[in-house]
Amino acid sequence: MRRPLSQGLLACRTLLARLQLRRWTVGPHMLAFLPALTLGGFWLGGESMLLGLALVIPLAYGLVLGAEPPVAGHAEQRAGQDLVSMAVAQDLAAQGFERARAAQMHTACLLFEAEGLETISRRMGEGVAETLRVLFLARLRELLRPEDSAMRIGDSRFMALIAPGLRLDLEALLALADRLQRGLEEPAATDTGVHYLSVAVGFCGSARLRPGAVGADMLDCAQAALREAMDNAPSAIRAWSEGMRAERRARTVLLSEVEAALAKGQIQPWYQPQLCTSTGEISGVEALVRWMHPQHGIVPPSRFLGALHDAGRMDQLTEAVLHHGLSALRGWDEQGLRIPRVSINFSEVELRNPRLVDRLKWDLDRYGMAASRLGIEVLETVIAESPDGIIARNVTALARLGCRVDLDDFGTGHASIAALRRVTVHRLKIDRSFVTRIDRSEDQRRMLAAVLGLADRLGLETVAEGVESSGEHALLAQLGCDHAQGFGIARPMPAPQLAEWAREHAQRIAAAQKLGRRPA
Ligand code: C2E
Ligand code: CA
Ligand code: CA
């Protein structure tokens, strides 16, 4: 008796689930019909019918709602195995692929990266992150059909395997990825407040794999698509295509080339001067890295920094820039030039290095340089996203050592005033977007004046970047910005040219002083 009954229930639940009716027929909406059902029952069959209904409704409700969906994958995962290893994920994806192939149908593997989870874990603790992971996975399962399966495969990564079907073409999968992404990005309320996570999606449909592909390829390709999505923008969706394979191959080549270039010393900084707006004198130089490529000439950092970052080589890059910068400074000193400081750009990974302060102290000693001759450029976004912990400690320790700290790209990263107070900063480096056309646009001028007013109230110096014209330069001086840097003054150049430029600049200042004019 138990078997046919349980089979009947299973069939009933499967049918409801397939029709996507389960949550309607047994959800809380059902309560709205209770008065009508009881009244109808009483009208039709009197008190005995009413009693019968009172017993049958809760029983049926419990049986249907309490049962698990008839999919083995789901049942196993709900029993606690929510996080699976990559090897298990590979196996499951391969099994799905083979099942679909045997049935002459298609399947797909979708990967989701919850992009803010790592920051939440760092800032608010693992407990909050774990709550969100559980919620996230529950949502994903809720959004999928019961015959699909979903699991967590990393700290912030989730996988969905779509049950075999005939119509899993690119268009259908894109629509599915979009729907799932929107569902997952809904604000998530926990005890600690409401959290907003962006979700990157990468997927691979078995129909898009090249002939002869095996099951394991599907997850690999979905991972490549996800990496592509994450490299692009928050909330990006990318489908695997064979073109991506060529791109990834080119990226691997770039990665090994750029690593070799770093080892061979082909990656070196150029220097761009910064001027004090009141005296016109050089107040420092910024070190900006260039790749002297034997075939392609000068390659800008936008083309290779990402590869160095992915190769985990940012530390070596800074090491090289620091050594070049400090030895250039020593060379300029020896030539009698007055270049007070070299500023170096530090990426987030380096600022997280617990040995950073000791390493810099050691390097400064080696070159016999006072710490005040070294500027540290930290992006506003880095401070905004991690006001506490290791980054704040490192930056503050460097400031205590005597290094000057510039908050780079200021105005683009939304660092709070509180964050600015927690981390020692000496100077705001106002982003080019606030500086451009200040001599021609009243709105732009007002924005810049507001930023300068803020810096003044916080007791911070200012440097404007991206100064392209003498009009902008003159207005910056009028508005009270302390320093200026940009193509309008000079482009970045190698150390020997900078020495030449500094000599000529000193002569220009001397000549202007003789004529009693302020140098431009
Ligand atoms: P950044 O730190 O904001 O550097 C300023 C960028 O603006 C430089 O581009 C510079 O050449 C450019 N620039 C300067 N004046 C002007 C101007 O008047 N107009 C315009 N349109 N651009 C101007 P670059 O050298 O291509 O560097 C780009 C970014 O690469 C830098 O932005 C920095 O974030 C990063 N970078 C450069 N060198 C290093 C390095 O050694 N380490 C790290 N971590 N990042 C670096
Ligand atoms: Ca910079
Ligand atoms: Ca900048």
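Residues take numbers from 1 onward in each chain, read along the sequence in its written order. All chains are assigned letters beginning at A, and all ligands numbers beginning at 1, according to the order in which they are written. Only residues with pLDDT of 70 or above have their local features reported here, since the model is predicted, and side-chain atom pairs are shown and tallied only from 80 upward, although totals for entire chains, interfaces and linings are computed over all residues. Only hydrogens and water are set aside; all other atoms, that is, all heavy atoms of the structure, feed into the side-chain values.

Engineer: It is not clear to me how the coordination of the calcium ion (ligand 3) should be interpreted in this structure. Could you clarify?
Structural biologist: Ideal geometry at a metal centre: 109.5 degrees between donors when four sit tetrahedrally, and 90 or 180 degrees when six sit octahedrally. Distances define the donors: N, O and S atoms within 2.8 Å of the metal qualify, as do those within 3.2 Å of Na, K or Ca. Water is excluded, so some sites may look unfinished. Around the calcium ion (ligand 3), the protein supplies D408 (OD), D409 (OD), E465 (OE) and E465 (OE) as donor atoms, at distances of 2.2 to 2.5 Å. Each donor residue of the calcium ion (ligand 3) belongs to the same chain, with the gaps between them written as D-D-x55-E. For the pair the calcium ion (ligand 3) and the calcium ion (ligand 2), the metal-to-metal distance amounts to 4.0 Å, and D408 bridges them. Linking D409 in strand 13 (residues 404–410) with E465 in the loop between strand 15 (461–464) and helix 20 (470–479), this pair joins segments that are 56 residues apart in sequence. Helix numbers and strand numbers start at the N terminus; a helix is a DSSP run of H or I with at least 4 residues, a strand a run of E with at least 2.

Engineer: Can you help me understand the coordination of the calcium ion (ligand 2) in this one?
Structural biologist: For the calcium ion (ligand 2), every protein donor is listed as E286 (OE), N345 (OD1), E377 (OE) and D408 (OD), and the spread of their distances is 2.2 to 2.3 Å. Each donor residue of the calcium ion (ligand 2) lies on one chain, and together they are spaced E-x58-N-x31-E-x30-D.

Engineer: Can you help me understand the sheet that holds strand 2 (residues 149–152) in this one?
Structural biologist: Each strand in a sheet pairs with another by means of backbone hydrogen bonds, the pair being arranged parallel or else antiparallel. DSSP calls a pair of strands paired once it identifies at least 2 bridges connecting them. The strand order 2-3-1-6-7 describes an open sheet built from five strands, whose pairing is mixed. Looking at the sheet topology across the chains shown, the edges are occupied by strand 2 and strand 7 (237–239). For this sheet the average axis-to-axis angle between neighbouring strands, irrespective of direction, equals 15°. Two elements, strand 1 (residues 106–114) and strand 3 (residues 157–165), share seven bridges in a ladder whose sense is antiparallel. Residue pairing for strand 3: H106 is matched across the bridge by G165. Residue contacts follow a heavy-atom distance rule, with two residues in contact if any of their heavy atoms lie within 4.5 Å. Angular values range over 0 to 180 degrees, each being the angle between N-to-C directions of two axes fitted as lines to C-alpha atoms, with helices fitted over their stretch in contact. Of the strands in this sheet, strand 1, strand 3, strand 6 (199–205) and strand 7 touch helix 9 (residues 215–232), which is tilted by about 145° from strand 6.

Engineer: Please clarify how the site of ligand 1 should be interpreted in this entry.
Structural biologist: Ligand 1 sits among 22 residues. The nearest are Q272, R290, D408, E468 and F487. What qualifies as a polar contact is a pair of N or O atoms within 3.5 Å, subject to a donor-acceptor requirement within protein and to the restriction that residues adjacent in sequence count only when both atoms come from side chains. Measuring from a nitrogen atom of ligand 1, one finds a backbone N or O atom of V289 at 3.1 Å. Between ligand 1 and R290 there is a distance of 2.8 Å, counted from an oxygen atom to a side-chain nitrogen or oxygen. Only the protein chains shown count as cover for residues, and all accessible areas are computed by the Shrake-Rupley method using a 1.4 Å probe. Within the complex, 80% of the 790 Å² of free accessible area of ligand 1 lies under protein. Where the shell around ligand 1 is concerned, the elements lending two or more residues are strand 9 (282–293), helix 12 (314–334) and strand 13. Examining the composition of the shell around ligand 1, we find that four residues originate from one element, strand 9, more than from any other. In the scheme used here, Gly and all other residues not listed as nonpolar or charged are polar, with Ala, Val, Leu, Ile, Met, Phe, Trp, Tyr, Cys and Pro taken as nonpolar and Asp, Glu, Lys and Arg as charged. Class assignment of the residues belonging to the shell around ligand 1 gives a composition of 10 nonpolar, five polar and seven charged. Neighbouring residues are identified by heavy atoms, a residue being near a molecule or strand if any of them is within 4 Å of it.

Engineer: Would you mind showing me how to read the packing of helix 12 against helix 14 (residues 356–367) here?
Structural biologist: If you want to describe how two helices pack, look at the angle between their axes and the distance between the axes. Where helix 12 contacts helix 14, the two axes come as close as 10 Å, and the packing angle between them is 30°. Regarding the angle of helix 12 to helix 14, the classification is roughly parallel. Taken as a pair, helix 12 and helix 14 cross one another with a handedness that is right-handed. On helix 14, the residues touching D315, T318, E319, L322, H323, L326, S327 and R330 of helix 12 are R359, L360, D363, L364, R366 and Y367. Here the residues of the contact of helix 12 with helix 14 sort into five nonpolar, three polar and six charged. Orientation labels follow simple angle bins: below 35 degrees gives roughly parallel, above 145 gives roughly antiparallel, 65 to 115 gives roughly perpendicular, and whatever is left gives oblique. Left-handed describes a crossing whose near helix is turned anticlockwise from the far helix through less than a right angle; right-handed describes the clockwise counterpart.

Engineer: When you look at the packing of aromatic side chains in this model, what are you seeing that I'm missing?
Structural biologist: Two numbers describe a pair of aromatic rings. These are the distance of the centres and the angle of the planes. Any Phe, Tyr or Trp ring, taking Trp's six-membered ring, that has another such ring centre within 6.5 Å forms a pair; planes under 30 degrees apart are called stacked, those over 60 apart edge-to-face, and the others tilted. With the rule as written, the count across this model stands at three aromatic pairs. Ring centres 5.1 Å apart and planes at 85° place the aromatic pair Y271 and W332 in the edge-to-face group. Of this pair, Y271 sits in strand 8 (residues 267–276) while W332 sits in helix 12, placing them 61 residues apart in sequence. Exposure is judged per residue with a 1.4 Å probe applied to protein chains only, and the accessible area is read against the type maximum: over 50% gives exposed, under 20% gives buried, and values in between give partly exposed. Assessed through its relative accessible area of 2%, Y271 is described here as buried.

Engineer: Quick question: what am I supposed to make of the pairing of strand 15 here?
Structural biologist: Regular strands show a simple pattern: their side chains alternate between the two faces of the sheet. Here strand 14 (residues 427–430) pairs with strand 15 via four bridges, running parallel. Its bridge partner being in strand 15, K429 is matched across the sheet by V463. Crossover handedness is defined here as right-handed if the route from the first strand over the helix to the second strand goes clockwise, with the strands pointing away from the viewer. Note on the crossover from strand 15 through helix 20 to strand 16 (residues 483–485): the handedness is right-handed.

Engineer: How should I be thinking about unusual backbone geometry in this particular structure?
Structural biologist: As a rule of thumb, non-glycine residues mostly have phi less than zero, and peptide bonds are mostly trans rather than cis. One non-glycine residue, D409, lies in positive phi territory at about 55°. Positioned with a positive phi, R437 is a non-glycine residue whose angle comes to about 65°. Relative to the elements of secondary structure, R437 occurs in the loop between helix 18 (432–435) and helix 19 (442–458).

Engineer: Explain empty space enclosed by the protein here, please?
Structural biologist: Taking a probe equal in size to a water molecule and rolling it over the atoms shows the remaining empty space. A 1.4 Å probe that fits into a set of points on a 1 Å grid over the protein atoms alone but cannot get out defines a cavity; an open set with protein on both sides within 12 Å along at least five of seven lines defines a pocket, and lining residues are those with an atom within 4 Å of a point. Grid points are joined across faces, edges and corners, and a volume is the space filled by probe spheres set on the points. By the definition in use, this model includes two cavities of 30 Å³ or more. Within this model, the largest cavity holds a volume of roughly 40 Å³. As for the largest cavity, its lining consists of L132, L135, F136, R139, L184, E186, A188 and L197. Among the elements that make up the lining of the largest cavity, the one with the highest residue count is helix 7 (residues 126–143) (four residues).

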